[in-house]
Amino acid sequence: MENKKKVAFYTLGCKLNFSETSTIARNFQDEGFDRVDFEEVADIYVINTCSVTENADKQFKQIVKKAMKLNDKAFVAAVGCYAQLKPEELAAVDGVDLVLGATEKFKITDYINDLSKNDMGEVHSCEIEEADFYVGSYSIGDRTRAFLKVQDGCDYKCTYCTIPLARGISRSDALENVLKNAKEISQQGIKEIVLTGVNIGDYGKGEFGNKKHEHTFLDLVKALDKVEGIERLRISSIEPNLLKNETIEFVAQSRTFVPHFHIPLQSGSNEILGKMKRRYQRELYAERILKIREVMPHACVGVDVIVGFPGETDEHFLETYNFLNQLDISYLHVFTYSERDNTEAAAMPDVVPMNVRNKRSKMLRGLSVKKRRAFYESQIGTNRTVLFEAENKEGCIHGFTENYVKVKTPWNPELVNTLHEINLTKIDEDGSVRMDFLNVEI
């Protein structure tokens, strides 16, 4: 029997990329390849790239180097967002043999006929207008939760963002296909599904490969809530203008959706929001938070914010800081603005110096620590449900409550991927929360 070829994967970036890497990996396995860990010697290394963060480019080069160290004859393929935006740049990296853009990445096995190294990376990237078909995907196998992709692409034109250039127009999976994937996941004993996409609140658009659609995000949420065997559903990042009150009310009384929202704000200054071409103002954002608090006082609310956008003065930044400080939120994801080629913002005047961007970023990260601490403190003494994860960290097992409080207790392998009723007792010095079990497993 001939030896099976080995393939290894490395994912940079978001949850959506993780779900897509898993789908690509299953394609390889269907073609008879063996999947191995990225730290192992493989015949093919596939790197799923990201265009959102500054370091993604540098990281990419380091990962290629690592693969070449493990096997200098290995075939290296780059796929994903950065591969779509800057294919030539990636192809020029020493060791890279193949670069596939937005539409080609799901057909990667068609391109790998002979595994001989190329002198120069071969590029297949479409015009992004051609990225108009939908490939459903989900990731399982490496976690107690699965990321289920329901939507791809974006029709918004935020001035700092390359995602529409990297992923194309907004399009959605058919509702029956999402439900089929959710059932498949639940049959594998996975307890939590995180819904993911580029702009998931836009779900429904492009269900039929055009702008017509039957379903909305609320329809999707209601249908998923009925799927048997899923214990928890979590909505990943959703735009404030697309998170409707009906959805918030439904989540509050649903069977499986957890009280955790992640809502990008980007700036607390209406002037800067206008320059960013965001589709709401801060008043609408504040209304959404109030609505969540009204129906789910214990909900966890995370916020994305960008500092140092062109034209952001000290006054604008303080507006953002003060707005977030008085909002009843639970944590922040802070992004230091970085210029991206082919975006409107890259050509804007009044560039904020890097040292100022970094200082602002530090201030908001400090605020995030304070907010998370206050949120955790508000949860001490309450009863929650925890889902335990698979990693043994310094003799402890960690897990997350439905409202995203990170808890820990002494390591016990039998707890992995199980749900338990617990009481939150105190905050540990590492910031996670200690707990007592209330009863047996759910």
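Here goes a summary of the coordinates provided.

Calculation criteria
- One numbering rule holds for all chains: residues counted from 1, following each sequence as written.
- For this predicted model, a pLDDT threshold of at least 70 governs which residues receive local features, and a threshold of 80 or more governs which side-chain atom pairs are given and counted, while totals over whole chains, interfaces and linings are taken from all residues.
- In computing side-chain values, all of the structure's heavy atoms are included and hydrogens and water are not.
- Paired strands are those between which DSSP finds at least two bridges.
- Secondary structure is summarised from DSSP: a helix means a run of H or I of at least four residues, a strand means a run of E of at least two, and numbering begins at the N terminus for each.
- Helix axes are fitted to C-alpha atoms over the stretch in contact, other axes to C-alpha atoms as well, and angles between N-to-C directions run from 0 to 180 degrees.
- Contact definition: two residues touch when any of their heavy atoms are within 4.5 Å.
- The term salt bridge refers to a pairing of a side-chain nitrogen on Lys or Arg with a carboxyl oxygen on Asp or Glu at a separation within 4 Å.
- Burial classes follow relative accessibility: with a 1.4 Å probe on protein chains only, a residue under 20% of its type's maximum area counts as buried, one over 50% as exposed, and anything between as partly exposed.

### Side note on the pairing of strand β16 (residues 383-393)
In terms of strand pairing, β16 meets strand β19 (residues 419-427) through 5 bridges, oriented antiparallel. From the neighbouring strand, valine 386 faces β19, where its bridge partner is histidine 420. Two strands pair when backbone bridges link them, and β16 and strand β17 (residues 396-401) are joined in this way by 5 bridges, in the antiparallel orientation. Along β17, the bridge assignment pairs valine 386 with threonine 401. Here β16 folds back onto β17 in antiparallel fashion, the turn holding 2 residues, of which glutamate 394 has a positive phi close to 50°.

### A few points about the sheet that holds strand β2 (residues 34-36)
Reading across the sheet, the 6 strands line up as β2-β1-β3-β4-β5-β6 and stay open at both edges, with parallel pairing between neighbours. The open sheet has two edge strands, β2 and β6 (122-124), and neither has a second partner. Going from strand to strand, the sheet's axes swing by 20° on average, the running direction of each strand aside. Note that strand β4 (residues 75-80) and strand β5 (residues 98-100) share 3 bridges and pair parallel. Bridge assignment links valine 79 to a residue of β5, and that residue is leucine 100. Set on the sheet, helix α1 (residues 15-30) makes contact with β1 (6-11), β2, β3 (44-49) and β4; between it and β1 the angle comes to about 175°. Along the sheet, helix α2 (residues 55-70) contacts β1, β3 and β4; its crossing angle with β3, the most-contacted strand, is approximately 170°.

### Thoughts on the pattern of salt bridges
Here the idea is simple: oppositely charged side chains can pair when their charged atoms come close. On inspection of all chains with the given rule, the structure shows 30 salt bridges. Between aspartate 428 and lysine 408 there is a salt bridge, with the nearest N and O atoms lying 2.8 Å from each other. Residue aspartate 428 is found in the loop between β19 and β20 (433-441), and its partner lysine 408 is found in strand β18 (residues 406-410); the two are separated by 20 residues along the sequence. Of the two residues, aspartate 428 and lysine 408, neither departs from the other in class, the shared state being buried. We note a salt bridge from arginine 434 to aspartate 428, for which the minimum N-O separation is 3.3 Å. Residues joined by salt bridges that share partners form a network here, namely Glu20, Lys105, Lys149, Asp152, Arg167 and Arg171.

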